[in-house]
Amino acid sequence: MSENRNVRVRFAPSPTGALHIGGAHTALFNWLWARRCDGTFILRIEDTDAERSTAEYEGTIKEGLKWLGLDWDEGPDTGGSFGPYRQSERMDLYRKYAEQLLDAGFAYREDGAVIFKTPAGVGLVLEDAIYGDIRIQSEKASVSQDGSVKDIVIMKRDGMPTYNYAVVVDDHAMEVNWVIRGEDHISNTPKQMLLYRALGWEMPRFAHLPMILGKDKKKLSKRHGATSVFEYNDMGYLPDSVFNFLALLGWSPGGGVEIFGRDEAVKSFELSKVIKKPAVFDMDKLNFVNQEHLKTMDPAAKKKIVEPFWAELGLEPQKHSDRYLMDALTLMGARGRTTKELAEFSDYFVDFGPVKERYDASDITPEHRAALKKFFAEFMSVPNWESSAMEAFARNWCEANGASLKEVALPLRWALTGRKVSPGVFEVARLLGRDDCRMRLRYFGFVD
Ligand code: GLU
């Protein structure tokens, strides 16, 4: 990878909103490339729109990146030798190079603004690492609505630099050598190339990432559901899963592998393997990925992440021991696509309250109830409160009494969990413990 030494990439969000899916996707691919090449990942805050930029948004963007595990090496607060890392603090640089362009005759002043003269007859080749070579004539780089060549404003009347200009000055000054960003910026790149040319600077390599579409093939937007990465946290998706899922939007490690962690992604990531076809944001896929990550999560971590969701349901997991809660989650296995679902599906382990609310025994006939009372009277005194012993007892009892196992197991599940589906009911009974089971069965009138 000799050509990719000292890779310096940046994620350059405008702090005018939370970290949305598109931004997180861009940040993630930059991060992957930096880590893959042992390079540097820079966070640069593009806050030249003073009216819409806020410190709060900068904060939520940083929190979002941290949540996804995308750590940056240089940035505001973090520091680095190429700061400051907020554009609003770099005004001197923009003024300086604007003067240079004016002095060299590449730009002129008009109404207080500084305007770059778009040259004619320059053949530009954007060698995009993902989209391939894109050829464009300079006079087509910036055009008015009527198709005529349009000069490029670099400093606005209010003294602020425009995006296309500030990005070039900063990428150069910060020695960014790979610009990886959304496909929606492809149309800006030729303008930026003209500025590099006029300033006599070496250009970075460019890689434009495929756009992300909703399942309806329309550009991803609020209509498609959550947009901020934190909303996925609230919905019960793990950061590892969102990371994995976002990486799959346009890339995969090959060999049919779809589930991977950060380290595996870093090891196999290749920018040249990113597909230029638009990627589809598919919730079913996210659910699948999340479920797979939940499956392999260790019980202690799982407990920690499910606890707030239990609390959200009004339950008090702190009433139980860590061991008990971890055992409950282990028993739940792969049930639940999200941590939120997992918390819901396992609520009966935490509290009997939800069972009472759900339970409805109207389909149990008086005869069935009488038989169940006989069964439970004996069941409660099974010598060994182990699932295998309980099951063996239940099987024997059913055989001796001409009943099917279902006739006792389903009402037992109902009374203990208030659910038709659960892990093996004798396993559930074992974990709840004999006393809790007796209390539940008594509440519903099955034992005295
Ligand atoms: N601030 C720009 C944006 O958020 C950065 C684009 C770029 O990476 O050049 O779209």
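One structure accompanies this document, and this report is about it.

## Digging into the overall build of the protein
- Within the protein, the regular secondary structure consists of 19 helices and eleven strands.
- Computed over its C-alpha atoms, the radius of gyration of the protein comes to 30 Å, more than 25% above the 22 Å expected for a compact globule of 448 residues.
- Projected onto the principal axes, the alpha-carbon positions of the protein cover approximately 100 × 40 × 40 Å.
- Per-residue burial for the protein yields a buried fraction of 50% across its 448 residues.

## Quick look at the site of the ligand
- Close to the ligand lie Arg 10, Ala 12, Ser 14, Glu 46, Tyr 163, Val 167, Arg 181 and His 185, which account for all nearby residues.
- Between the ligand and Ala 12 there is a distance of 2.8 Å, counted from a nitrogen atom to a backbone nitrogen or oxygen.
- For the ligand, an oxygen atom lies 2.8 Å from a polar atom in the side chain of His 185.
- Relative to its unbound accessible surface of 290 Å², the ligand loses 78% to contact with the protein.
- Partitioning the shell around the ligand into residue classes produces three nonpolar, two polar and three charged.

## Topic: the nonpolar core
- Of all hydrophobic cores here, the largest spans 52 residues; its most connected members are Trp 33, Leu 65, Leu 68, Ile 180 and Leu 271.
- For this core, the element with the most residues is helix H1 (residues 21-36), which contributes nine residues.
- Listed in part, the 51 residues of the second largest apolar core include Leu 372, Met 380, Cys 398 and Val 408.

## Here we look at the sheet that holds strand S3 (residues 107-110)
- Reading across the sheet, the three strands line up as S3-S4-S7 and stay open at both edges, with antiparallel pairing between neighbours. What marks the edges here is a single partner per strand, and that holds for S3 and strand S7 (152-155). Averaged over all pairs of adjacent strands, the angle between their axes in this sheet comes to 40°, without regard to strand direction.
- Taken together, the four bridges between S3 and strand S4 (residues 113-116) define a ladder with antiparallel strand orientation. Note that in S4 the partner of Glu 110 across the bridge is Ala 113.

## Here we look at the packing of helix H16 (residues 387-400) against helix H18 (residues 425-432)
- Where H16 meets H18, the closest approach of the two axes is 8 Å, and the angle between their N-to-C directions is 130°. One element, H16, and the other, H18, form an angle in the oblique class. The element H16 and its partner H18 pack so that their crossing is right-handed. Two secondary-structure elements touch here, H16 through Ser 387, Met 390, Glu 391 and Ala 394 and H18 through Phe 426, Glu 427, Ala 429 and Arg 430.
- Split by residue class, the contact of H16 with H18 holds four nonpolar, one polar and three charged.

## Some points on the packing of aromatic side chains
- With the rule as written, the count across this model stands at 28 aromatic pairs.
- Seen from their ring centres, Tyr 97 and Trp 201 are 4.9 Å apart, and the 85° between their planes marks the pair as edge-to-face. With Tyr 97 in helix H3 (residues 91-103) and Trp 201 in the loop between helix H5 (189-199) and strand S9 (205-209), the pair connects residues that are 104 residues apart, well separated along the chain.
- We classify Tyr 97 as buried; its relative accessible area is 12%.

## Description of helix H2 (residues 55-67)
- Taking 1.5 Å of rise per residue, the 13 residues of H2 would be expected to cover 18 Å, and the 18 Å separating its terminal C-alpha atoms lies within 8% of that figure.
- Of the positions making up H2, those classed as buried are Glu 58, Ile 61, Lys 62, Gly 64, Leu 65 and Trp 67.
- As for H2, its buried residues are in contact with strand S1 (8-11), H1, strand S2 (40-43), helix H6 (229-234), helix H7 (239-247) and helix H8 (262-268).
- Among the residues trailing H2, Gly 69 stands out with phi positive, at a value near 80°.

## Side note on the pairing of S2
- Burial along S2 is two-sided: Thr 40 and Ile 42 and Phe 41 and Leu 43, pointing in opposite directions, are all buried.
- Both S1 and S2 contribute to a ladder of four bridges, which runs parallel. Bridged to Val 9 within S2 is Phe 41.
- Each parallel crossover has a hand, and for S1 linked through H1 to S2 it is right-handed.

## Re the environment of Thr 189
- By the secondary structure assignment, Thr 189 is in helix H5.
- Considering only alpha carbons, one finds Thr 189 and Val 168, 21 residues apart in sequence, at a separation of 9.8 Å.
- Those residues within four positions of Thr 189 in sequence are excluded, and the remaining contacts are Leu 126, Arg 181, Phe 206 and His 208.
- Within the structure, Thr 189 has its side chain in polar contact with the side chain of Arg 181 (distance 2.9 Å).
- At 3.1 Å, the side chain of Thr 189 forms a polar contact with the backbone oxygen of His 185.

Rules of the game
Position numbers for residues count from 1 along each chain, tracking the sequence in the order it is written. Only residues with pLDDT of 70 or above have their local features reported here, since the model is predicted, and side-chain atom pairs are shown and tallied only from 80 upward, although totals for entire chains, interfaces and linings are computed over all residues. Excluding hydrogens and water, the side-chain figures rest on all heavy atoms present in the structure. Helix and strand definitions here come from DSSP, where helices need a minimum of 4 consecutive H or I residues and strands a minimum of 2 consecutive E residues; each element is numbered from the N-terminal end. We take the radius of gyration over the C-alpha atoms and set the globule estimate at 2.2 Å times the residue count to the 0.38 power. The buried label goes to any residue with under 20% of its type's maximum accessible area, the exposed label to any with over 50%, and the partly exposed label to all in between, with areas taken from a 1.4 Å probe on protein chains only. Whether a residue is near a molecule or strand depends on its heavy atoms: it is near if one of them lies within 4 Å of it. Counting of polar contacts relies on pairs of N or O atoms within 3.5 Å, with two restrictions inside protein: one atom must be capable of donating a hydrogen and the other of accepting it, and residues adjacent in sequence are counted only when both atoms are side-chain atoms. For every accessible area listed, the method is Shrake-Rupley and the probe measures 1.4 Å; residues are considered covered only by the protein chains on display. Residues are grouped as follows: nonpolar covers Ala, Val, Leu, Ile, Met, Phe, Trp, Tyr, Cys and Pro; charged covers Asp, Glu, Lys and Arg; every other residue, Gly included, is treated as polar. The set of buried Ala, Val, Leu, Ile, Met, Phe, Trp, Tyr and Cys residues whose side-chain atoms join them within 4.5 Å is what this entry labels a nonpolar core. By this definition, two strands are paired if DSSP reports at least two bridges between them. Structural elements are reduced to axes, namely lines fitted to C-alpha atoms, with helices fitted over the stretch in contact, and the angle between N-to-C directions of any two is expressed from 0 to 180 degrees. Throughout this description, any angle smaller than 35 degrees is read as roughly parallel, any larger than 145 degrees as roughly antiparallel, any in the 65 to 115 degree range as roughly perpendicular, and the remainder as oblique. Should the near helix be turned anticlockwise from the far one by less than a right angle, the crossing is left-handed, and should it be turned clockwise, the crossing is right-handed. Throughout, a residue-residue contact means that at least one pair of heavy atoms, one from each residue, lies within 4.5 Å. The criterion for an aromatic pair is that two Phe, Tyr or Trp rings (for Trp, the six-membered ring) have centres within 6.5 Å, with stacked assigned to planes under 30 degrees apart, edge-to-face to planes over 60 apart and tilted to the rest. Under the convention used throughout, the expected extent of a helix is 1.5 Å for every residue step, that is, one less than its residue count. Note on handedness: a crossover is taken as right-handed if, strands pointing away from the viewer, the path from the first strand over the helix to the second is clockwise.

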